[in-house]
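# Close look at the chain arrangement
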Amino acid sequence: MSSLAEILIIRGLMPIESLDDLTGDPTTEELAIVGLVDRGVLSDAQVASARAAQAGLPFVELLDFPIDRTAITLVPALLCRRHDLLPITVNGETLTVAMADPGDVFALDDIRAATRMHIAVVVAERQDLRNAMNRFLRADGELDQLTTAIEEESRPSADVVATGTEALEDDAPIVRFVNLLISQAIQDRASDIHIEPAEHDMRVRYRIDGVLHEMQQAPKQIQNGVISRLKIMSDIDISERRKPQDGRLSVVHAGRKVDLRVATLPTVWGEKVVMRILDNSSSSMQLSDLGLLERNAAAYKKSYTKPYGMILVTGPTGSGKSTTLYTTLNTVARPEINVITVEDPVEYRMAGINQVQVNVKAGLTFASALRSILRSDPDVVLLGEIRDHETAQIAIEASLTGHLVLSTLHTNDAPSAITRLTEMEIEPFLVGSALDSVVAQRLARRLCDRCKEPYVAELNDLAAVGFRLNPDFPMPTLHRAIGCSVCSNTGYRGRIAIHEIMTVTEDIERLAVARASSAEIKNVAMREGMLTLRQDGWAKAQMGLTSIEEILRVVA
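Residues numbered from 1 in each chain as written. Predicted model: local features only at pLDDT ≥ 70, side-chain atom pairs only at ≥ 80, totals over all residues. Heavy atoms only, no water.

### Section: the overall build of the chain
- What the chain contains, in helices and strands, is 22 helices and 18 strands.
- The burial tally for the chain puts 49% of its 556 residues in the buried class.
- Contacts spanning at least 24 positions in sequence make up 63% of the contacts within the chain whose residues lie at least 6 apart.
- With an accessible surface of roughly 26700 Å², the chain has 50% of that area assigned to carbon and sulfur atoms. (Helix = DSSP H or I, 4+ residues; strand = E, 2+ residues; numbered from the N terminus. Buried < 20%, exposed > 50% of the residue type's maximum accessible area, 1.4 Å probe, protein only. Contact = heavy atoms within 4.5 Å. Areas by Shrake-Rupley, 256 points an atom, 1.4 Å probe, with all protein chains shown as cover.)

Take a look at the structure:
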């Protein structure tokens, strides 16, 4: 039998000189191949294909393979994950299983014992296999079983489960149900989990790429137990059901710590719980990850590299404002400067900066905290949100006294931020002097790279949706959403930010002092080169990052 290295050499994938380094020892050979993969000479898929040829087995790419869901149900998910394998087809008494290591006889023995079927093996690249496992080995089935099991137990009161010692046991059905809900949401890249009581059941929805998807309906009997369990995990008072409460919990998923912000809200059918999944990778992003166009990136860099001034990020809830601010902080934070944040709540923990949590009950409001930290010799201040006149006044004064102030504001576009501050009774000349730039943004769904389809735009279609182009120029090539197994047949996977960055120039400062309308300010800003949200979205649609329909969905 040819060795793995010899097969790779025959295929022209491995330098023939490598034979000189091999001693015939399989371990030495494997290490040499791993080294070539690390250096980018070989890909994992090429090695997996050669491994299949060595074993005389077929090689499959699971991304395109029509996996039979019936086959998946024949093998417990725990067994699949333990041995890195996935059932992909079933034909009579033969079950075909994709494996990264076809020589794992213990795995084959376990599968035969579990299914009592004849096992046929195909080889898949390990990461491709794990991606397929994440897509198909969902927790939904186990959630359904747990729901049924909890319902059948018919306890006299679900509160007993939550308030007794059993609520703390890892194998209690309610505990496992909650853990599975959270882990499945993280696996599905959800940003929020909604647990919503109804009259006859309890609904669970995940917000994925900005859109809510219904994932689970559970019986009404488990509602109190699930909510009480989440309150215990979040250190929230389980006896208080009449008013909204906030908390925070942490879980470990796939070896990494994930924080969740928890909020409860009393409704007519019980307490609704919303959990925001805080991905700490956002706090380590670089500005290049934000997807700014060249003009916008240059304008924004000019603002945040100044030693003082105010930068505002505006947009509705869930538009990525916090991600932009934390990414900026991550860029400007250095050992030689003092960075302090005031937040409600602190969403992402960052090393090397001082983060203050607002506590209204203790008298620590945004305004009082900001007033205090200005006596702590800060260079850069991040203020979670400007909500009232007092906070805005102190923030403006801080930016005028040598501090770089970053904050958020709720407005529809960048020019409206100036009029919003004047409506808060801030003197217009202070707004014009302190404000350096305003970033308005939205999040649009990113087209799935695997299945997006190019097409040449029609002039009439573009005009119908508000994009008017010169008919003398060739029509641009755009892309439309199709749908495949990678993107769960939505046509979209992930999100991309759409930006509008307005630099406060002398002309705009004069308009602010004159209390000009936001429309007048917008016209001047556009003459000076500002790209509107729609223009930025159009540019990203032309780049094939998103679709025209998606831009129209998020931008008015």
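### Some details on empty space enclosed by the protein
- As enumerated under the stated definition, the model contains 1 cavity of 30 Å³ or more in all.
- Looking at the largest cavity, its volume works out to about 30 Å³.
- Every residue along the wall of the largest cavity is listed here: Leu290, Leu292, Tyr300, Thr324, Val439, Gln441, His499 and Ile501.
- Among the secondary structure elements, those contributing two or more residues to the lining of the largest cavity are strand S15 (435-447) and strand S18 (492-503). (1 Å grid on protein atoms, 1.4 Å probe; cavity = no way out; pocket = protein on both sides within 12 Å on 5 of 7 lines; lining within 4 Å. Points joined across faces, edges and corners; volume = space filled by probe spheres on them.)

### Some words on the nonpolar core
- Within the largest apolar cluster, 42 residues are counted, with the highest numbers of intra-cluster contacts made by Met310, Leu312, Ile386, Ile418, Met502 and Ile508.
- Counting 29 residues, the second largest nonpolar core, distinct from the first, contains Leu62, Leu79, Ala124 and Ala132. (Core = buried A, V, L, I, M, F, W, Y, C linked by side-chain atoms within 4.5 Å.)

### A closer look at the UniProt feature "domain: Bacterial type II secretion system protein E" (unreviewed entry) in the chain
- Under the present numbering, the feature "domain: Bacterial type II secretion system protein E" (unreviewed entry) in UniProt falls on residues 374-388.
- As annotated, residues 374-388 has a helix share of 0% and a strand share of 27%, and its two end C-alpha atoms lie 18 Å apart. (UniProt positions renumbered as here; feature names shortened; annotations may be inferred.)

### Points about the packing of helix H14 (residues 366-373) against helix H15 (residues 389-400)
- It is the contact of H14 with H15, at a shortest axis distance of 8 Å, that shows an interaxial angle of 20 degrees. In terms of axis orientation, H14 runs roughly parallel to H15. Crossing geometry of H14 relative to H15 is assigned as left-handed. Across the interface between the two elements, Phe366, Ala367, Leu370 and Arg371 from H14 touch Glu390, Thr391, Ile394 and Ala395 from H15. (Axes fitted to C-alpha atoms, helices over the stretch in contact; angles between N-to-C directions. Parallel < 35°, antiparallel > 145°, perpendicular 65-115°, else oblique. Left-handed = near helix turned anticlockwise from the far one by under 90°.)

### Quick word on the sheet that holds strand S1 (residues 85-91)
- Read across the open sheet, the 3 strands follow the order S1-S2-S3; overall the sheet is mixed. Both edges of this open sheet fall to S1 and strand S3 (118-123), since each of them pairs with a single strand only. Put simply, the sheet's adjacent strands are angled 30 degrees from each other on average, direction ignored.
- The sheet contact formed by strand S2 (residues 94-99) and S3 spans 6 bridges and is parallel. Of the residues in S3, the one forming a bridge with Val97 is Val121. (Pairing = 2+ DSSP bridges.)

### Some words on the state of the cysteines
- Across all of its chains, the model carries 0 disulfides by this definition.
- For the unlinked cysteine Cys448, the closest cysteine sulfur is that of Cys451, found at 3.8 Å.
- A residue is classified by how much of its surface remains accessible, and Cys448, at 2% relative accessible area, is buried. (Disulfide = S-S within 2.5 Å.)

### Topic: the packing of helix H10 (residues 173-187) against helix H11 (residues 223-233)
- At a closest axis distance of 10 Å, the pairing of H10 and H11 adopts a crossing angle of 70 degrees. The orientation of H10 relative to H11 falls into the category roughly perpendicular. Along the contact surface, H10 presents Ile174, Val175, Phe177, Val178, Asn179 and Ile182, while H11 presents Gly225, Val226, Arg229, Leu230 and Met233.

### What to know about the packing of aromatic side chains
- Under the counting rule described, the total for this entry stands at 1 aromatic pair.
- Sitting over the ring of Tyr455, Arg480 keeps its end group 4.0 Å from the ring centre. (Phe/Tyr/Trp six-rings, centres within 6.5 Å; stacked < 30°, edge-to-face > 60°. Lys NZ or Arg CZ within 6 Å of the ring centre and 35° of its normal.)

### With respect to the confidence of the model for the chain
- When the pLDDT values of the chain are averaged, the result is 83; 83% of them are 70 or greater.
- When pLDDT is averaged over each element of the chain, strand S10 (residues 309-314) comes out on top at 96 and helix H9 (residues 158-163) at the bottom at 40.
- Considering only residues more than four positions removed or in separate chains, one finds that residues 154-168, a stretch of pLDDT under 50, has 26 contacts. (pLDDT = per-residue confidence, 0-100.)

### Quick notes on the pattern of salt bridges
- Counted by the stated rule, this structure contains 23 salt bridges.
- Residue Asp209 pairs with Arg189 through a salt bridge whose shortest N-O separation is 3.3 Å. You can see Asp209 sitting in the loop between strand S5 (201-208) and strand S6 (211-219) and its partner Arg189 sitting in the loop between H10 and strand S4 (190-197), a full 20 residues away along the chain.
- Across the pair Arg387 and Glu385 runs a salt bridge whose closest N-O atoms are separated by 3.3 Å.
- By relative accessible area, which is 19% here, Glu385 ends up buried.
- Each of Glu196, Arg203, Arg205, Glu214 and Lys272 takes part in salt bridges that share partners, so that together they form one network. (Salt bridge = Lys/Arg side-chain N within 4 Å of Asp/Glu carboxyl O.)

### Quick word on helix H19 (residues 506-513)
- Looking only at H19, the buried set comprises Ile508, Leu511 and Ala512. Looking down the long axis of H19, one finds its buried residues gathered within 100 degrees of arc, a one-sided arrangement. Facing away from the buried side of H19 by over 90 degrees, the exposed positions are Glu506 and Arg510.
- Lining the buried residues of H19 we find helix H16 (416-423), helix H17 (428-434), S18 and helix H20 (518-527).
- Where H19 ends, the next residue or the one after it, Arg515, has phi of about 55 degrees, a positive value. (Arc of directions from axis to C-beta.)

### Observations regarding the environment of Glu528
- Relative to the assigned elements, Glu528 resides in the loop between H20 and helix H21 (533-542).
- Counting along the chain gives 20 residues from Glu528 to Ile508, while the straight-line C-alpha distance between them is 9.8 Å.
- Those residues in contact with Glu528 that sit more than four places away from it in its chain are Arg295, Thr505, Asp507 and Ile508.
- At 2.8 Å, the side chain of Glu528 forms a polar contact with the side chain of Thr505. (Polar contact = N/O pair within 3.5 Å; in protein donor to acceptor, adjacent residues only side chain to side chain.)

### Overview of the environment of Pro66
- As for its placement among the helices and strands, Pro66 is situated in the loop between helix H3 (44-55) and helix H4 (69-72).
- Taking the C-alpha atoms as reference points, Pro66 and Ile88, separated by 22 residues in sequence, lie 7.9 Å from one another.

### Considerations on the pairing of S1
- Where S1 lies against S2, 6 bridges are found, and the strand directions are antiparallel. Each residue of the ladder has a partner; that of Asn91, found in S2, is Thr94.
- Hairpin connection from S1 to S2: 2 residues lie between these consecutive antiparallel strands, with Gly92 at a positive phi of about 65 degrees.

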